[in-house]
Amino acid sequence: MVAQVIDGKAFAAKVRAQVADQVAKLKEQSGITPGLAVVLVGEDPASQVYVRSKGKQTVEVGMNSYEHKLEVDTSQADLLALIDQLNADPAVHGILVQLPLPKHLNEDLVINAIDPAKDVDGFHISNVGLLGTGQKSMVPCTPLGCLMMLRDHHGSLSGMDAVVIGRSNIVGKPMAQLLLGDSCTVTIAHSRTKDLPDVVRRADIVVAAVGRAEMVPGAWIKPGATVIDVGINRIDAPEKGTNEDGSVKTRLVGDVDYASAAQTAGAITPVPGGVGPMTIACLLANTLTACCRANKLPEPKGLTA
Ligand code: GUN
């Protein structure tokens, strides 16, 4: 069997179009423009790329984007003061503090200082608790994007066996909660899991989110299973030659060995172009959801968990 490719790039474009459409209606009917504030501390190059991309896409769907770039040595007190200011600002419906933060800042304290209703990352302890108890919450963007793609592909996920490889707070744990919420039988596997190949072989749905290049071979995948690859790993690609400075060219790969898994799986997300584009699309969806809730308006349909 050759797997169907789940096109995250096209799906994300569809989600953004839905968000843009609903933002336009919101503006027309109530005069409200959703606003997203993104806070970046320091100059981590990867974070700068993400933040630029978030700002651009926020404006493209008709929302206001507020970017706060702080020096790498910003104190915890100054960062918390900015969060207080954004919490109190009625034009700001979503707040995202880009992670990782410089080492001298306490990530838990900072995240938990965000008003949970504006926590569009879904990382605040209140949102984690609400998701875990099946109550209305803000849902982390990457797992929400994975869930949307799975629902789109399968319709109902009820009764399916799902394995989430990776137990991070950002992806693995919330992903497992969402799959449980959709009535899957969920296993969370991690670096200490005994006989990981056997655990993966039982799964109808495999979500790989460990951050290790191509660690899941096709031989582990049950024939016909759906594979969602969250990994984005840069590896050397000597077959592409060298750069001007003599260094070896690189390429992006997932946590799954795509070439072999695509021979066994029923459907698979590629890297790049799978889960990646869905994350920012879901951030925009969450910002619209937060704006609607703040203004006691009906929530956007199909854009929440
Ligand atoms: N850094 C990498 N991914 C994320 C994310 O989803 N949210 C935030 N705030 N920081 C990140």
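Residues numbered from 1 in each chain as written. Predicted model: local features only at pLDDT ≥ 70, side-chain atom pairs only at ≥ 80, totals over all residues. Heavy atoms only, no water.

- If you look the protein chain up in an unreviewed UniProt entry, it shows as Bifunctional protein FolD from Ruegeria meonggei.
- What UniProt states about the protein chain under its Sequence similarities (unreviewed entry) heading is, verbatim, "Belongs to the tetrahydrofolate dehydrogenase/cyclohydrolase family."
- The annotation that UniProt attaches to the protein chain under Function (unreviewed entry) is "Catalyzes the oxidation of 5,10-methylenetetrahydrofolate to 5,10-methenyltetrahydrofolate and then the hydrolysis of 5,10-methenyltetrahydrofolate to 10-formyltetrahydrofolate." (UniProt positions renumbered as here; feature names shortened; annotations may be inferred.)

**Comments concerning the pairing of strand 6 (residues 185–189)**
Thinking step 1. Both strand 5 (residues 161–165) and strand 6 contribute to a ladder of 5 bridges, which runs parallel. By the bridge assignment, Asp-161 is partnered in strand 6 with Thr-185.
Thinking step 2. Taken together, strand 5, helix 7 (residues 172–181) and strand 6 form a β-α-β motif whose crossover is right-handed. (Pairing = 2+ DSSP bridges. Helix = DSSP H or I, 4+ residues; strand = E, 2+ residues; numbered from the N terminus. Right-handed = clockwise from strand over helix to strand, strands pointing away.)

**A word on the site of the ligand**
Thinking step 1. As a structural note, the neighbourhood of the ligand is formed by Leu-96, Val-97, Gln-98, Leu-99, Asp-121 and Phe-123.
Thinking step 2. In the model, a nitrogen atom of the ligand is placed 3.2 Å from a nitrogen or oxygen of the Gln-98 side chain.
Thinking step 3. At 2.9 Å, a backbone N or O of Leu-99 approaches a nitrogen atom of the ligand.
Thinking step 4. Within the complex, the protein chains bury 79% of what would otherwise be the 280 Å² of accessible surface of the ligand.
Thinking step 5. In terms of residue class, the shell around the ligand is built from 4 nonpolar, 1 polar and 1 charged. (Near = heavy atom within 4 Å. Polar contact = N/O pair within 3.5 Å; in protein donor to acceptor, adjacent residues only side chain to side chain. Areas by Shrake-Rupley, 256 points an atom, 1.4 Å probe, with all protein chains shown as cover. Nonpolar A, V, L, I, M, F, W, Y, C, P; charged D, E, K, R; others polar.)

**Comments concerning the sheet that holds strand 4 (residues 94–97)**
Thinking step 1. Read across the open sheet, the 3 strands follow the order 3-2-4; overall the sheet is parallel. Each end of this open sheet is capped by a strand with a single partner; those strands are strand 3 (64–70) and strand 4. This sheet shows a mean twist of 15 degrees between the axes of neighbouring strands, independent of strand direction.
Thinking step 2. In terms of strand pairing, strand 2 (residues 35–41) meets strand 3 through 7 bridges, oriented parallel. Residue pairing across strands places Val-39 opposite His-68, the latter belonging to strand 3.
Thinking step 3. Along the sheet, helix 2 (residues 45–60) makes contact with strand 2, strand 3 and strand 4, crossing strand 3 at roughly 160 degrees.
Thinking step 4. Along the sheet, helix 3 (residues 76–88) makes contact with strand 2, strand 3 and strand 4, crossing strand 2 at roughly 180 degrees. (Axes fitted to C-alpha atoms, helices over the stretch in contact; angles between N-to-C directions. Contact = heavy atoms within 4.5 Å.)

**Overview of the packing of aromatic side chains**
Thinking step 1. As enumerated under the stated definition, the model contains 0 aromatic pairs in all.
Thinking step 2. A cation sits over an aromatic face here: Lys-14 above Phe-11, 5.2 Å from the ring centre. (Phe/Tyr/Trp six-rings, centres within 6.5 Å; stacked < 30°, edge-to-face > 60°. Lys NZ or Arg CZ within 6 Å of the ring centre and 35° of its normal.)

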